[in-house]
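Chain residues, written in single-letter form:
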Amino acid sequence: MAVAPARRGPEPGPPGLPECWSATSYEGAARAAILAYKERGAVGLAGVLAQVLAFTVLTALGAGAGAEAGPAAGSGAGWARGPFAVVPVPSARRALRVRGHDPMGRVAVLVARHLVASGVPAEPWPALRQARRVADQAGLSSTQRAANLAGSLCVARRAKGPPAPSALLLDDVVTTGASLTEAARALRAAGLRVPMAATVAATRRRS
């Protein structure tokens, strides 16, 4: 997998999408690894994907990633020193049952460990939950995806308080940015800043 961390958010991105970094494009070895891990039970790939994501995050922090998008923006890049609540975008309940594991939840724990080992205070916080059912995203346009996901996530009532005021969002792939935007909305509603999201890969779509 050729890893070259960079800003790879959708163009244009939906309002409220945090600054989005990814390790590579969603093709070739990266696509094969993500599918094997998520859909075919190759859980041994979690360590590799976590290393890739942690490297992407550290590269973004070293680049002094910009201020948070949207009305809840912070002031400059002071957040880049952490600490962070490392928050995975959750899979739908049905997908978790079918897969038999929580792909991004497992990776988020490992990413937090890598960040701490590199001197960035971080703690996994898998607090996001599905608030309602959503339709399959396959084949939906960016507008339809945004409408499908709007209001679909929330912070679990039983979740302990966030370990940090800033959340670092993690997901496997960014396409239109709808999932990351909805996750960021739910976290901001709970009082967190969401300055950045990181994904293993990005599918670039332009309009």
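K.L.:
Quick question: what am I supposed to make of the nonpolar core here?
P.N.:
Most often, soluble globular proteins have nonpolar side chains that are buried together. Judged by nonpolar contacts, the single largest core of 31 residues is most densely connected at Leu53, Val86, Val107, Val111, Leu115, Leu168 and Leu170. The set of elements that each furnish at least two residues to this core consists of β2 (19-25), α1 (28-39), α2 (46-62), β3 (84-88), α4 (103-117), β7 (166-174) and β8 (193-202). In terms of residue count, α2 provides more of this core than any other element does, nine residues in total. One finds Cys20, Ala186, Leu187 and Ala202 within the second-largest nonpolar core, a separate group that totals 21 residues.

K.L.:
Before we go on, may I ask you to explain the sheet that holds strand β1 (residues 6-7) in this structure?
P.N.:
Strands belonging to one sheet form pairs held by backbone hydrogen bonds; the direction of such a pair is parallel or antiparallel. Pairing in this open sheet of six strands is mixed, and the strands run β1-β2-β8-β7-β3-β4 from one edge to the other. A single partner strand is all that each edge strand has here, and the edge strands are β1 and β4 (122-124). Relative to β8, β7 is paired through seven bridges, and the arrangement is parallel. Paired with Val173 across the bridge in β8 is Ala201. Across the sheet, α4 is in contact with β3, β4 and β7; its angle to β4 comes to roughly 165 degrees.

K.L.:
Just to check I follow, could you spell out the packing of α2 against α4 for this structure?
P.N.:
To characterise two packed helices, one gives the angle between the axes of the helices and the distance between these axes. Running from N to C, α2 and α4 cross one another at 50 degrees; their axes reach a closest spacing of 8 Å. Classed by the angle they form, the pair α2 and α4 counts as oblique. Handedness of the α2/α4 crossing: right-handed. Every residue of α4 that contacts α2 at Ala46, Gly47, Ala50, Gln51, Leu53, Ala54, Val57 and Leu58 is listed here: Met104, Arg106, Val107, Leu110, Val111, His114 and Leu115. Per-class residue counts for the contact of α2 with α4 are 11 nonpolar, three polar and one charged.

K.L.:
How should I be thinking about a nonpolar patch on the surface in this particular structure?
P.N.:
On the surface, Met1, Val3, Val48 and Phe55 cluster together into a nonpolar patch covering about 320 Å² of accessible area. Its location among the elements puts Val48 in helix α2. Since its relative accessible area comes to 41%, Val48 is described here as partly exposed.

K.L.:
What exactly am I supposed to notice about the environment of Ala6 here?
P.N.:
Its location among the elements puts Ala6 in strand β1. A relative accessible area of 23% means that Ala6 is categorised as partly exposed. Placed 16 residues apart in sequence, Ala6 and Ser22 show a C-alpha to C-alpha distance of 5.9 Å.

Rules and cut-offs
- Numbering of residues starts from 1 in every chain and runs along the sequence as written.
- Predicted model: local features are reported for residues with pLDDT of at least 70 only, side-chain atom pairs are reported and counted for 80 or more only, and whole-chain, interface and lining totals are derived from all residues.
- Side-chain figures throughout are based on the complete set of non-hydrogen atoms in the structure, without hydrogens or water.
- We call a set of buried residues a nonpolar core when its members are Ala, Val, Leu, Ile, Met, Phe, Trp, Tyr or Cys and they connect through side-chain atoms within 4.5 Å of each other.
- Only protein chains enter the area calculation, which uses a 1.4 Å probe; residues under 20% of their type maximum are buried, those over 50% are exposed, and those in between are partly exposed.
- Helix numbering and strand numbering both begin at the N terminus, where a helix is a DSSP run of H or I of at least 4 residues and a strand a DSSP run of E of at least 2.
- Note on pairing: two strands pair once DSSP finds at least 2 bridges between them.
- Any two residues whose heavy atoms approach within 4.5 Å at even a single point are treated as in contact.
- Simply put, an axis is a line fit to the C-alpha atoms, just over the touching stretch for a helix, and the angle between two N-to-C directions goes from 0 to 180 degrees.
- If an angle is under 35 degrees, it is roughly parallel; if it is over 145, roughly antiparallel; if it lies from 65 to 115, roughly perpendicular; otherwise it is oblique.
- What makes a crossing left-handed is the near helix being turned counterclockwise from the far one by less than a right angle; a clockwise turn instead makes it right-handed.
- By the convention adopted, Pro, Cys, Tyr, Trp, Phe, Met, Ile, Leu, Val and Ala count as nonpolar, Lys, Arg, Asp and Glu as charged, and the other residues, Gly among them, as polar.
- Patch building starts from residues that exceed 30% relative accessible area and form no salt bridge, then joins like charges within 9 Å and nonpolar side chains (Val, Leu, Ile, Met, Phe, Trp, Tyr) within 5 Å.
- Accessible surface is estimated by sampling points in the Shrake-Rupley manner with a 1.4 Å probe; for residues, cover comes only from the protein chains shown.
- Any Lys or Arg side-chain nitrogen found within 4 Å of a carboxyl oxygen on Asp or Glu counts as a salt bridge.

In short, geometric facts, not functional conclusions.
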